[in-house]
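Residue-level listing of the chains:
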Amino acid sequence: MSKKINPSKILITNIISRQDDIANGNYPHLPLPKFPKYTIGNLRGGIGKTSLAFNLSYQTDNLLVVDTCPQGNLSYFYDEEYYVNNSTNVRDLILPYLLPGLGKATRVAKNISASNPHFEKKNSYYIASSNDLYHLPSQITTALNQAKSIPGTQQMTAIDYILYSLRDEIEREMKEAHLERCLIDTSPFFAGATHLAWHATDALIVPVRTDQQSINSFELLIDTLSNSNSEFRKNIPSDGHTPKIQLVVLTHCAWSTKSGARNEPNQQTKMFITKVKDIVDRNIQHFTTQDADNHILLLDDFLGTGRISTVSSKPISLLNAGDSMRINRVKATVNASVEKIKAQLSYISKSIW
Ligand SMILES: Nc1ncnc2c1ncn2[C@@H]1O[C@H](COP(=O)(O)OP(=O)(O)OP(=O)(O)O)[C@@H](O)[C@H]1O
Ligand SMILES: [Mg+2]
């Protein structure tokens, strides 16, 4: 799938040179449009979708977070009782659109601070996931096939009703709780809730890990957005809605240890920046501006900081260098790079809201 590229033809100097400013909290302005709702997604597991969703959710306020991944990792960050609680969830919002006769739910979103004290200063809400989302792909397929068997103009109305189910429910929940912004976390698979999440927002944030498999998944995602035979394009709503990509966030980046190298990515990370830039350049029509440099941001490897954040459900912004804890009898420590990660997260947040 990947094309052979000539690295010397792909300029990454702008992306590299701004890293020092970003690390120091000086924010070079990126001329990006802003959207109220974003979906975080890429068609690969373990690349940082949920970690990014969780940490970005702490960067703003009056936010609705929606967990559409059946694994429920993000829901667990917000509520440690998630796997034993059986409360109304995102599947309950979608099912009435697929199985007529089921009653619709209202006011499903819960205040995050009620179950995660680290969010006590925030007025942000979340809609939990459900393990049963694993069944959603076949339920959506069945419902779409039924819609397609309806003759005449009502067919398209029925298809729109299904494809926009999550969007309509999210907009209702946002209105009911007076929320301004929304962030959706997705699973590594397209079929099911991810498909509906793409239609619930106008812009995507795509984490890409610094490895070749993640680069391949990024190309697969663009192919899914654009190829007329893809699962996404086979069932498009009447207005042709297709989200654009606002940001590619390169995760697990590493930095040069050469003396005098001020916040300069190491050679391997530079190679992945080059590969990402090449893909963005070739597919710029799927991005929210016409300049690839606006769309590629970097995030350090979280290392021990990430482990502590994960086990304590504490956003990285609340951690400080030297904080430590025992995880499975092994001591983990917040690395000195935590201040840089905080600055990078803040920069990502300023690039979307
Ligand atoms: N820069 C980074 N961004 C995000 N995650 C990072 C980063 N560096 C290290 N990590 C670690 O990588 C792991 C990513 O896991 P995460 O659950 O966020 O991935 P995911 O894409 O949501 O996976 P899945 O597809 O299974 O839901 C976490 O352990 C996290 O701490
Ligand atoms: Mg996840």
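To keep things clear, this report deals only with the structure shown in the data block. (Residues numbered from 1 in each chain as written. Chains lettered and ligands numbered in written order. Predicted model: local features only at pLDDT ≥ 70, side-chain atom pairs only at ≥ 80, totals over all residues. Heavy atoms only, no water.)

Right, let's get into the site of ligand 1. Taken together, 17 residues form the shell around ligand 1, and within it Gly46, Lys49, Thr50, Ser51 and Asp300 come nearest. At a separation of 3.1 Å, an oxygen atom of ligand 1 approaches a polar backbone atom of Gly48. Lys49 places a polar side-chain atom, nitrogen or oxygen, 2.6 Å from an oxygen atom of ligand 1. Isolated, ligand 1 exposes 640 Å² of accessible area, and the fraction of that covered by the protein chains is 82%. Sorting the residues of the shell around ligand 1 by element identifies helix H3 (49-57), strand E7 (244-253) and strand E8 (296-300) as the ones contributing at least two each. At three residues, the largest contribution of residues to the shell around ligand 1 is made by H3. Looking at side-chain class alone, the shell around ligand 1 contains four nonpolar, nine polar and four charged residues. (Near = heavy atom within 4 Å. Polar contact = N/O pair within 3.5 Å; in protein donor to acceptor, adjacent residues only side chain to side chain. Areas by Shrake-Rupley, 256 points an atom, 1.4 Å probe, with all protein chains shown as cover. Helix = DSSP H or I, 4+ residues; strand = E, 2+ residues; numbered from the N terminus. Nonpolar A, V, L, I, M, F, W, Y, C, P; charged D, E, K, R; others polar.)

Here we have eight strands laid out as an open sheet, ordered E3-E4-E2-E5-E1-E6-E7-E8, and mixed in their pairing. The open sheet has two edge strands, strand E3 (110-111) and E8, and neither has a second partner. Note: E7 against E8, four bridges, orientation parallel. From the neighbouring strand, Val249 faces E8, where its bridge partner is Leu297. This element, helix H14 (residues 338-350), spans E7 and E8 of the sheet and lies at about 150° to E8. (Pairing = 2+ DSSP bridges. Contact = heavy atoms within 4.5 Å. Axes fitted to C-alpha atoms, helices over the stretch in contact; angles between N-to-C directions.)

So, on to the pairing of E8. Along any regular strand the residues' side chains alternate between the sheet's two faces. Of all five residues making up E8, five are buried, and the element is well covered by its neighbours. Because side chains alternate across E8, one face comprises the buried residues Ile296, Leu298 and Asp300, and the other comprises Leu297 and Leu299, equally buried. Considered for its hand, the β-α-β crossover made up of E7, helix H12 (residues 267-282) and E8 is right-handed. (Buried < 20%, exposed > 50% of the residue type's maximum accessible area, 1.4 Å probe, protein only. Right-handed = clockwise from strand over helix to strand, strands pointing away.)

All right, on to the pattern of salt bridges then. Overall, the coordinates contain 16 salt bridges when judged by the stated rule. Of the charged contacts, one joins Glu339 and Lys342 as a salt bridge, the two residues approaching to 3.2 Å between their closest N and O atoms. Taken together, the residues Glu339 and Lys342, both in helix H14 and three residues apart, mark about one turn of the helix. The exposure class of Lys342 is buried, given its relative accessible area of 14%. Three or more residues are tied together by salt bridges with common partners; here these are Glu169, Arg172, Glu173 and Glu176. (Salt bridge = Lys/Arg side-chain N within 4 Å of Asp/Glu carboxyl O.)

Notably, Asn62 is not glycine yet its phi reads approximately 55°, a positive angle. Inspection of the secondary structure puts Asn62 in the loop between H3 and strand E2 (63-67). The phi dihedral of His252 is positive, around 65°, even though this residue is not glycine. With respect to the helices and strands, the residue His252 is situated in strand E7.

Here we come to the nonpolar core. Ranked by internal contacts, the top residues of the largest apolar core, which has 41 residues, are Leu52, Leu56, Tyr78, Ile205, Leu247, Leu299 and Ile348. Within the residue set of this core, elements represented by two or more residues are strand E1 (37-40), H3, E2, helix H4 (73-78), strand E6 (203-209), E7, E8 and H14. Sort the elements by how many residues they give to this core and H14 lands first, with five residues. When sequence neighbours within four positions are dropped, the list of residues in contact with Leu52 reads Ile40, Ile205, Pro207, Val249, Leu299, Leu345 and Ile348. Grouped together as the second largest cluster of nonpolar side chains are 33 residues, Leu98, Ala105, Leu144 and Ala147 included. (Core = buried A, V, L, I, M, F, W, Y, C linked by side-chain atoms within 4.5 Å.)

Turning our attention to the environment of Arg262. Topologically, Arg262 is positioned in the loop between E7 and H12. Not counting chain neighbours up to four residues away, the residues in contact with Arg262 comprise Asp20 and Asn24. Within the structure, the side chain of Arg262 is placed 3.0 Å from the side chain of Asp20, a separation counted as a polar contact.

Moving on to the packing of helix H8 (residues 165-176) against helix H9 (residues 193-200). Relative orientation of the contacting elements H8 and H9 amounts to 60°, with a least axis distance of 7 Å. Taken as axis vectors, H8 and H9 run oblique relative to one another. Along this stretch, H8 crosses H9, giving a crossing that reads as right-handed. Between H8 and H9, the residues in contact are Ser165, Leu166, Arg167 and Ile170 and Ala193, Leu196, Ala197, His199 and Ala200, respectively. In the contact of H8 with H9, the residues fall into six nonpolar, two polar and one charged. (Parallel < 35°, antiparallel > 145°, perpendicular 65-115°, else oblique. Left-handed = near helix turned anticlockwise from the far one by under 90°.)

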